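Topology and contacts: notes
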Amino acid sequence: EVQLVQSGAEVKKPGESLKISCKVSGYSFTDYWIAWVRQTPGKGLEWMGIIYPGDSDTRYSPSFLGQVTISADRSISTAYLQWSSLRASDTAMYYCARHLGAYDSSAFEGYWGQGTLVTVSS
Amino acid sequence: DIQMIQSPSSLSASVGDRVSITCRASQGISNYLAWFQQKPGKAPKSLIYAASRLQSGVPSRFSGSGSGTDFTLTISSLQPEDFATYYCQQYSSYPRTFGPGTKVDIE
């Protein structure tokens, strides 16, 4: 069974750094792309970027390029989303999601983690 | 970026009703369109991909159609567990983009 298990909720202050994780199981970590998606009440679902753990090829949405860093550790089958300096506007639920399959027709977010709530407040 | 528009933004319906939600892309995306269902406090769940293919385990009352720029999600007979918010997503190009959602609630 494919599973994506995310790290727990975080409460941070503006300017602090943060790295949240997404540990996968039930399949070969290096074979499928993993994306990160932000959800806020005001802006709905926003696709942030994606990584292919097999070779660490990474693509970012222009809206998030330079704001976050996506990475992966193949040795522990875990993907990461990190911030170097959080803002209040980063307060949101963050989901990791794996492509359903390896072909173009299934190259969308078919399996989702449970979400990590990040709250940034002074 | 490709913009996705959904309509309506919300609808009220009764159990047993046939419900349709439309999604329009700002440019052609062939059939690279997925539909998701999200319930409060839960992660989105994929229902349909490639515009009309049912994800494994999804009830057959859900169906999708369309190609190019115009797509439709149809629930043939609404069940109590179907009250949720539905999103479309294009995966024709990066960055992927989602529609703003359609909330389906009880009439």
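Residues numbered from 1 in each chain as written. Chains lettered and ligands numbered in written order. Predicted model: local features only at pLDDT ≥ 70, side-chain atom pairs only at ≥ 80, totals over all residues. Heavy atoms only, no water.

Another aspect to go through is the pairing of strand 7 (residues 62-67) of chain B. All names here are of chain B. As paired elements, strand 7 and strand 8 (residues 70-75) share six bridges and run antiparallel to each other. Opposite serine 63, over in strand 8, you have threonine 74 as the bridge partner. Where strand 7 folds back on strand 8, the antiparallel hairpin that results is connected by two residues, among which glycine 68 adopts a positive phi of roughly 85 degrees. (Pairing = 2+ DSSP bridges. Helix = DSSP H or I, 4+ residues; strand = E, 2+ residues; numbered from the N terminus.)

All names here are of chain B. Within the open sheet, the four strands sit side by side as 1-3-8-7. Their pairing is antiparallel. Only two strands of the sheet have a single partner each, and these edge strands are strand 1 (4-7) and strand 7. Direction aside, neighbouring strands of the sheet carry axes that sit 20 degrees apart on average. (Axes fitted to C-alpha atoms, helices over the stretch in contact; angles between N-to-C directions.)

We now examine the layout of surface pockets. By volume, the largest pocket amounts to about 350 Å³. For the largest pocket, the lining is made up of 18 residues, of which Gln67, Val68, Trp83, Arg87 and Asp90 of chain A are closest to its centre. Mapped onto the lining of the largest pocket, the elements with two or more residues apiece are strand 5 (44-52) and strand 8 (78-83) of chain A. In this model, the second largest pocket occupies a volume close to 280 Å³. Secondary-structure elements contributing two or more residues to the lining of the second largest pocket are strand 5 of chain A together with strand 10 (97-98) of chain B. With three residues, the top contributor of residues to the lining of the second largest pocket is strand 5 of chain A. Its residues placed into classes, the lining of the second largest pocket shows eight nonpolar, five polar and four charged. (1 Å grid on protein atoms, 1.4 Å probe; cavity = no way out; pocket = protein on both sides within 12 Å on 5 of 7 lines; lining within 4 Å. Points joined across faces, edges and corners; volume = space filled by probe spheres on them. Nonpolar A, V, L, I, M, F, W, Y, C, P; charged D, E, K, R; others polar.)

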